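Tertiary structure, described
Here are the chains, one letter per residue:
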Amino acid sequence: MATFRTITPQSIDAATTLGVTTLRVADAGRSLVFYRDLLGFQVLEQTESTILLGSPNQVVLRLDVEAGLKRHPSHTTGLYHAAILLPTRLDLAYVLQRLLAVRYRFGASDHAVSEALYLDDPDGNGLEIYRDRPRNEWRWGANGEVHMVTESLDLYGVLAEITPTAPAWAGIPAGTKIGHMHLQVGNLRQAEEFYHGVLGFDIVAHYPGALFVSAGGYHHHLGLNVWQSQNGPQQPNDAAGLGYFEIIMPNQAALEIVRQRLQVAEVAVQEQVDGLVVHDPWQTELRFIVAA
């Protein structure tokens, strides 16, 4: 088990957010049928090995295409799901309507802070598609943790957003982004030491077998669980899954604080022109970059 040098607790910059998530897939055509034709993502750029997907004004997902990849295994560390945040409940309603129309298999939950749909892409990469309730509706306990639940989603209530006067569906809307990442880890204590103790994400909720952390009072930017991965193997190189995800720092000073904390904790850092590349204890890749 990897250990880190103990450092003074310090919260990561409150304006920290998430950027583009890269997923590994085996077949470009199959993925486009799912992401573009079903979910409504725009193809912003495509090469033989890479597809950039997003809304009209920003990249949300990057697909790295590698023929022959096996389906993403459920018991390894790495990806649990990438969570795509839509601007409104109406946007969620249109996605729900499209999934129902083709009978695509999905789950659905009300988390009090959000309403969410859960599904896998054709390679087994987990996705959450959700909308947030307004922050003034979130409840925080005396222990500083946010009230989150897993209850049945009112599907009929969501679909009722699609009224005769509602704007017509036009695909994934502007403002869509990665709201959070949910990762499978091998050990919760070690995950807390790295993501909270070293990186500085604030703990916002404990759940049986899971920990949730965030920056700036969000309900969570990162979910960390051991539901299927306790002491499990790392994500294999020959299977679909998570390539890496971006953590966006608001300015160079905020990035420098993260760099210094990683160095003091004796965590290996790879310097890049636009930021830092770091791996968590299970070799999940994080890229810290400064907001454009």
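In this text, all values refer to a predicted model and were calculated from it rather than measured experimentally.

This part is about the UniProt feature "domain: VOC" (unreviewed entry) in the protein chain. Here the UniProt feature "domain: VOC" (unreviewed entry) sits at residues 17–132 and 177–292. The span residues 17–132 carries 21% helix and 47% strand; its end-to-end C-alpha distance comes to 15 Å. The distance separating the terminal C-alpha atoms of residues 177–292 is 15 Å; by composition the span is 21% helix and 40% strand.

Time to look at the nonpolar core. In terms of nonpolar packing, the biggest core is built from 65 residues, with Y35, L39, M181, L199 and F288 touching the most fellow members. Looking at this core, the element that brings in the most residues is helix 2 (residues 89–101), giving five residues. In contact with Y35, other than residues within four places in its own chain, are L23, G40, F41, L53, L61, L63, D121 and L127.

Approximately 700 Å³ is the volume found for the largest pocket. Lining the largest pocket are 36 residues, with Y80, H81, Y118, L127 and W227 sitting closest to its centre. Of all the elements in the fold, those that place two or more residues in the lining of the largest pocket are strand 5 (78–86), strand 6 (107–110), strand 7 (114–120), strand 8 (126–132) and strand 10 (177–184). No other element matches the four residues that strand 7 contributes to the lining of the largest pocket. Grouping the amino acids of the lining of the largest pocket by side-chain chemistry returns 15 nonpolar, 16 polar and five charged.

As a further point, take the pattern of salt bridges. Enumeration according to the criterion identifies 15 salt bridges in this entry. The shortest N-O distance in the salt bridge between E161 and R89 comes to 3.2 Å. With a gap of 72 residues between them, E161 in the loop between helix 3 (155–159) and strand 10 and R89 in helix 2 connect regions that are remote in the sequence. A salt bridge links E115 to R133; its shortest N-O distance comes to 3.5 Å. In this pair, E115 is assigned in strand 7 and R133 in the loop between strand 8 and strand 9 (151–152), connecting sequence segments 18 residues apart. Comparing E115 with R133 shows no difference in burial state: the two are buried. Each member of the salt-bridge network shares a partner with another, and the members are R89, D110, E115, R131, R133 and E161.

With that settled, consider the sheet that holds strand 3 (residues 50–55). Within a sheet, adjacent strands bond to each other through the backbone by hydrogen bonds, running parallel or antiparallel. As summarised here, the arrangement of the eight strands in space is 2-3-4-1-14-17-16-15, forming an open sheet in which the pairing is mixed. Because the sheet does not close on itself, it has two edges, and the strands there are strand 2 (42–46) and strand 15 (270–272). Between one strand axis and the next, the sheet turns by 25 degrees as a mean value, whatever way the strands run. Sheet topology note: the strand 14 (residues 241–249)/strand 17 (residues 285–290) ladder contains five bridges and is parallel. The partner of F245 across the bridge, within strand 17, is L286. Across the sheet, helix 5 (residues 252–264) touches strand 14, strand 15, strand 16 (275–279) and strand 17, and the angle it forms with strand 16 is around 35 degrees.

Attention shifts here to the environment of Q10. Note that Q10 resides in the segment before strand 1 (17–25). With relative accessibility at 38%, the residue Q10 sits in the partly exposed group. It is 11 Å that separates the C-alpha atoms of Q10 and A215, two residues lying 205 residues apart in sequence. Ignoring sequence-local partners within four residues, the contact set of Q10 consists of G200, I257 and R261.

Attention now moves to helix 2. End to end, helix 2 covers 18 Å across 13 residues, agreeing with the expected 18 Å (1.5 Å per residue, within 8%). Residues of helix 2 that are buried include every one of R89, L90, D91, L92, A93, Y94, V95, L96 and L99, and no others. Immediately downstream of helix 2, the backbone of R103 shows phi near 60 degrees, a positive value.

Reading the values: rules and limits
- Residues numbered from 1 in each chain as written.
- Predicted model: local features only at pLDDT ≥ 70, side-chain atom pairs only at ≥ 80, totals over all residues.
- Heavy atoms only, no water.
- UniProt positions renumbered as here; feature names shortened; annotations may be inferred.
- Helix = DSSP H or I, 4+ residues; strand = E, 2+ residues; numbered from the N terminus.
- Core = buried A, V, L, I, M, F, W, Y, C linked by side-chain atoms within 4.5 Å.
- Buried < 20%, exposed > 50% of the residue type's maximum accessible area, 1.4 Å probe, protein only.
- Contact = heavy atoms within 4.5 Å.
- 1 Å grid on protein atoms, 1.4 Å probe; cavity = no way out; pocket = protein on both sides within 12 Å on 5 of 7 lines; lining within 4 Å.
- Points joined across faces, edges and corners; volume = space filled by probe spheres on them.
- Nonpolar A, V, L, I, M, F, W, Y, C, P; charged D, E, K, R; others polar.
- Salt bridge = Lys/Arg side-chain N within 4 Å of Asp/Glu carboxyl O.
- Pairing = 2+ DSSP bridges.
- Axes fitted to C-alpha atoms, helices over the stretch in contact; angles between N-to-C directions.
- Expected span 1.5 Å × (residues − 1).

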